[in-house]
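Descriptive analysis of the structure
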Amino acid sequence: MKKLLELISEEMKNAFEAAGYERELGKVTISNRPDLCEYQCNGAMAGAKQYKKAPIMIANDVAAKLADSSVFEKAEAAAPGFLNLKLKNEFVGHYVKEMRVAKKYGVEEAENPLKIVIDYGGPNVAKPLHVGHLRSAIIGESVKRIARFMGHNVIGDIHLGDWGQPMGLIMNELKIRKPELVYFDESYTGDYPTEPPFTISELEEIYPFASKRSKEDEEYKANAMACTFKLQSGVRGYRALWNHIIAVSVTDLKKNYEKLNVDFDLWNGESSVHDLIPGMVDEMKKGGYAYISDGALVVDVKEETDTKEIPPCMILKSDGAALYNTTDLATILMRMEQEKPDELVYLTDKRQELYFEQVFRCARKTKLVKPETKLVHIGFGTMNGKDGKPFKTREGGVMRLENLIQEINDEMLRKITDNREVDENEAKQTAEIVALSALKYGDLSNQASKDYIFDIDRFTSFEGDTGPYILYTIVRIKSILAKYTENGQDVEAVLSKIKAPVNESEKQLMLELASYNASMQAAYDELAPHKICAYIYGLANAFNHFYHETKILTEEDEEQKAGWIALLALTRDVLETSIDLLGFSAPERM
Ligand code: ARG
């Protein structure tokens, strides 16, 4: 569907033309004086010089042409030359009625769908998920859903940290604790056991232990590095053991991401590109891009227009070892070969901004990507505690993600069961659904690049700009619709009965609904989930205002009642589709 603002601008442009002025002057914007009008056009002012006329004269000419407009109830010239506009109720009602039957409620899919790979999540195996991984998962999941909704072909890849030094540290420690394990017997040629020799909790205990010890004990560290080397050079037993580490970790990760309603199409990791590195490095050398500096292999990525120093991109360390950069570059190579994407999007902490600038420049310079391939880094801010410092547990440690989720679930359950008789099981389920909205909305409603404060009391509140407020609004609509059904009437049968608004609050609700396609487009164009939050908050407010002013179920005129029911159902559908793009859902009751 054409956007409402486009339709209005069309009408205004026709009027400029009919009055003898240039069409393009008829651009309409949302009013910045909502007390005076809904929309405005400043074209008369822009045209004054060109036509050597006072702006108010132009505005009057145009307004005269709009006297019988089917779009504008009011098109009034106001000093010094504004056109103040109010839409006809019939026009607004008609637009919203059309939304009901349009595909995706009027959101138009991309004409040329792009192939987009989104790299998000980025957990490290054998390490518990912590709050540092929360934002990448939440924002990445939403960006993926938004791009998909707009008709693009999107692939989410978790990019597991599964290959470097931590793997050697774990294996070396296992070797000390359980030297009898067959994996360490390099003369063994039989099959390896299918059951892993450890549980996820053992793994999670081993890694920090080994990491700490390696910092204090040189020999221990050297042994761990030797294990990493054996793994990476393909020693059978080490590979088999590593496969167990991955399998046990991934099972646990899947469980945790499921709780967050986050999922990935690809579970590739740093290890997936190991074999591509030597070839890639050769090409970089052959192309004359990579050279040795202080023993290390580097590619210069600075550009003349730089205002700050951009250091070279290091490809191999002086001992020949690959780095974080190397895997990211080889992953670009792999993605370009396998997925042939038009665009690559990465979600990490904004402290990696310079890092991605280097990697992107290096990928362009060494022709890993095509000149037209879009490379985007969405760098997000930190989730802080109430003290304004990065969020910690009460004891000052790093908060595990599952504990954070548990905390917010508990708080939500407390709020839901407070002073009420509720079925325990249902309350628990509802609390989980609402808590997820609190957590995700609390994060997504901020512009991603900004830091924000994790405030459990505010996030779980049923009032204000929060997830639970949005869900509460949806549930309120559902309960009115359910009562309509209980009274023996059929919601499905009246869905298309949307009528022209009969009062101001109904018109405002319709205008909010009508800006749905423009808001979703903007959220996609800027890869900005916070735009969806802002949209649904405005829509929920407009609905609640309308609801407080209108007696819906007791309305005697059945046609009018049916019209309102249809409007409510559309509001519910738009809200539910929107929250799905944010990665959460609404319960039936709460
Ligand atoms: N595993 C990394 C970490 O925990 C994040 C990976 C981010 N993605 C990427 N392509 N570099 O810090």
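A brief structural summary. Counting restarts for each chain, with residues numbered from 1 along the sequence as it is written. A pLDDT threshold of at least 70 governs which residues receive local features in this predicted model, and a stricter bar of 80 or more applies before side-chain atom pairs are shown or counted, although totals over entire chains, interfaces and linings include all residues. Note that the side-chain values use all heavy atoms of the structure and ignore hydrogens as well as water.

In this description, a pair of aromatic rings is defined by centroid distance and the angle of the planes. Centres within 6.5 Å make a pair out of two Phe, Tyr or Trp rings, where for Trp the six-membered ring is used; the pair is then stacked when the planes are under 30 degrees apart, edge-to-face when over 60, and tilted otherwise. Tallying each qualifying case throughout the model produces 24 aromatic pairs. Where Phe-356 meets Phe-360, the ring centres are 5.7 Å apart and the plane angle is 50°; that geometry is what we call tilted. Taken together, the residues Phe-356 and Phe-360, both in helix H12 (residues 353–365) and four residues apart, mark about one turn of the helix. Exposure categories follow from relative accessible area, calculated using a 1.4 Å probe and restricted to protein chains: below 20% of the type maximum is buried, above 50% is exposed, and the middle band is partly exposed. According to the relative accessible area criterion, Phe-356 is buried, its value standing at 2%. Starting at the N terminus, helices and strands are each numbered in turn, a helix being any DSSP run of H or I of at least four residues and a strand any DSSP run of E of at least two.

Next up on the list: the sheet that holds strand S4 (residues 82–87). Across the sheet, which stays open at both edges, the four strands sit in the order S1-S2-S4-S3 with antiparallel pairing between neighbours. Only two strands of the sheet have a single partner each, and these edge strands are strand S1 (28–30) and strand S3 (72–78). Geometrically, the sheet is characterised by an average inter-axis angle of 30° between neighbouring strands, direction not taken into account. When DSSP finds two or more bridges between a pair of strands, those strands are recorded as paired. Structural elements are reduced to axes, namely lines fitted to C-alpha atoms, with helices fitted over the stretch in contact, and the angle between N-to-C directions of any two is expressed from 0 to 180 degrees.

Looking now at helix H16 (residues 467–486). To estimate the expected span of a helix, subtract one from its residue number and multiply by 1.5 Å. Taking 1.5 Å of rise per residue, 20 residues should cover 28 Å, and H16 covers 28 Å from first to last C-alpha, within 8% of that figure. Where burial is concerned, most of H16 is hidden: 14 out of the 20 residues are buried. Within 3.5 Å is the distance limit for a polar contact, defined as a pair of N or O atoms, with the added protein rule that one can donate a hydrogen and the other accept it, and that residues adjacent in sequence qualify only through two side-chain atoms. Backbone nitrogen of Tyr-469 and a side-chain oxygen of the N-cap are separated by 3.1 Å at the start of H16; the cap is Thr-466. A positive backbone phi angle near 90° is found at Gly-488, which sits one or two residues after H16.

Right, let's get into the site of the ligand. Neighbouring the ligand are the residues Asp-119, Gly-122, Asn-124, His-133, His-159, Tyr-324, Asp-328, Tyr-346, Thr-348 and Phe-356. Contact between the ligand and Gly-122: a nitrogen atom at 2.9 Å from a main-chain N or O atom of the residue. Here a nitrogen atom of the ligand sits 2.8 Å away from a polar atom, N or O, in the side chain of Asp-328. All accessibility values rest on the Shrake-Rupley procedure with a 1.4 Å probe; residue burial counts only the protein chains present in the view. Isolated, the ligand exposes 350 Å² of accessible area, and the fraction of that covered by the protein chains is 82%. Those elements that place two or more of their residues in the shell around the ligand are helix H11 (324–338) and strand S10 (343–349). Note on residue classes: Ala, Val, Leu, Ile, Met, Phe, Trp, Tyr, Cys and Pro are nonpolar, Asp, Glu, Lys and Arg are charged, and everything else, Gly too, is polar. Tallied by class, the residues present in the shell around the ligand amount to three nonpolar, five polar and two charged. Any residue with a non-hydrogen atom lying within 4 Å of a molecule or strand is treated as near it.

Only a minority of non-glycine residues have a phi that is not negative, and only a minority of peptide bonds are not trans. Put simply, Ala-79 and Pro-80 share a cis peptide bond, and its omega is -5°. Within the element layout of this structure, Pro-80 appears in the loop between S3 and S4. The phi dihedral of His-159 falls on the positive side, at around 45°, and the residue is not glycine. Taking the relative accessible area as the measure of exposure, His-159 reaches 8% and is therefore buried. Positioned with a positive phi, Lys-367 is a non-glycine residue whose angle comes to about 65°.

This part covers the pairing of strand S5 (residues 115–119). Among the five residues in S5, four count as buried, and that is most of the element. As paired elements, S5 and strand S6 (residues 153–157) share five bridges and run parallel to each other. Following the sheet pairing, Ile-116 is matched in S6 by Val-154. Crossover handedness is defined by viewing with both strands directed away from the observer: a clockwise path from the first strand over the helix to the second marks the crossover as right-handed. As a crossover connection, the stretch from S5 through helix H5 (residues 134–149) into S6 is right-handed. Where S5 lies against S10, four bridges are found, and the strand directions are parallel. Within the sheet, the bridge partner assigned to Ile-116 lies in S10 and is Glu-343.

What counts as a disulfide here is a pair of cysteine sulfur atoms lying within 2.5 Å. Scanning all chains against the criterion turns up zero disulfides. The closest cysteine sulfur to the non-disulfide-bonded Cys-37 is located on Cys-41, 11 Å from its own sulfur. What makes Cys-37 buried here is its relative accessible area of 4%.

Below, the discussion takes up the layout of surface pockets. Taken as a whole, the second largest pocket encloses approximately 480 Å³ of empty space. Every definition here rests on a 1 Å grid over the protein atoms only: cavities are sets of points where a 1.4 Å probe fits but cannot get out, pockets are open sets enclosed by protein on both sides within 12 Å along at least five of seven lines, and lining residues have some atom within 4 Å of a point. As for the second largest pocket, its lining consists of 19 residues, and the residues nearest its centre are Ile-30, Tyr-39, Leu-511, Glu-512 and Ser-515. Contributions of two or more residues to the lining of the second largest pocket are made by helix H1 (4–18), helix H18 (504–514), helix H19 (516–525) and helix H20 (529–549). With four residues, the single largest contributor to the lining of the second largest pocket is H18. Grouping the amino acids of the lining of the second largest pocket by side-chain chemistry returns 11 nonpolar, five polar and three charged. Grid points are joined across faces, edges and corners, and a volume is the space filled by probe spheres set on the points.

Turning our attention to the pairing of strand S8 (residues 296–299). Neither face of S8 is exposed, since Ala-296 and Val-298 on one face and Leu-297 and Val-299 on the opposite face are all buried. Pairing of strand S7 (residues 290–293) with S8, which is carried by four bridges, proceeds in the antiparallel orientation. Residue pairing for S8: Ile-292 is matched across the bridge by Leu-297. Turn length for the S7-S8 hairpin, with the two strands adjacent in sequence and antiparallel, is two residues, and the turn residue Asp-294 shows positive phi of about 50°. Sheet analysis places S8 next to strand S9 (residues 313–316), joined by three bridges and oriented antiparallel.

Quick look at the nonpolar core now. Among the buried residues, those of types Ala, Val, Leu, Ile, Met, Phe, Trp, Tyr and Cys that are joined through side-chain atoms within 4.5 Å form a nonpolar core. One finds Met-12, Leu-87 and Leu-404 to be the most contacted residues of the largest nonpolar core, which totals 155 residues. Per element, the largest residue contribution to this core is 13 residues, and it comes from helix H21 (residues 558–582). Should any heavy atoms of two residues lie within 4.5 Å, those residues are counted as being in contact. Ignoring any residue separated from it by four or fewer positions in sequence, one finds Leu-404 in contact with Val-131, Leu-134, Met-383, Phe-391, Met-399, Leu-439 and Phe-454. In this structure, Ile-155, Cys-313, Leu-329 and Tyr-355 belong to the second largest nonpolar core, which totals 32 residues.

With that settled, consider the side chain of Thr-366. Positionally, Thr-366 belongs in the loop between H12 and strand S11 (374–380). Classification of Thr-366 as buried rests on a relative accessible area of 12%. Sequence-distant contacts of Thr-366, defined by excluding residues within four places in its chain, comprise Met-284, Tyr-289 and Val-299.

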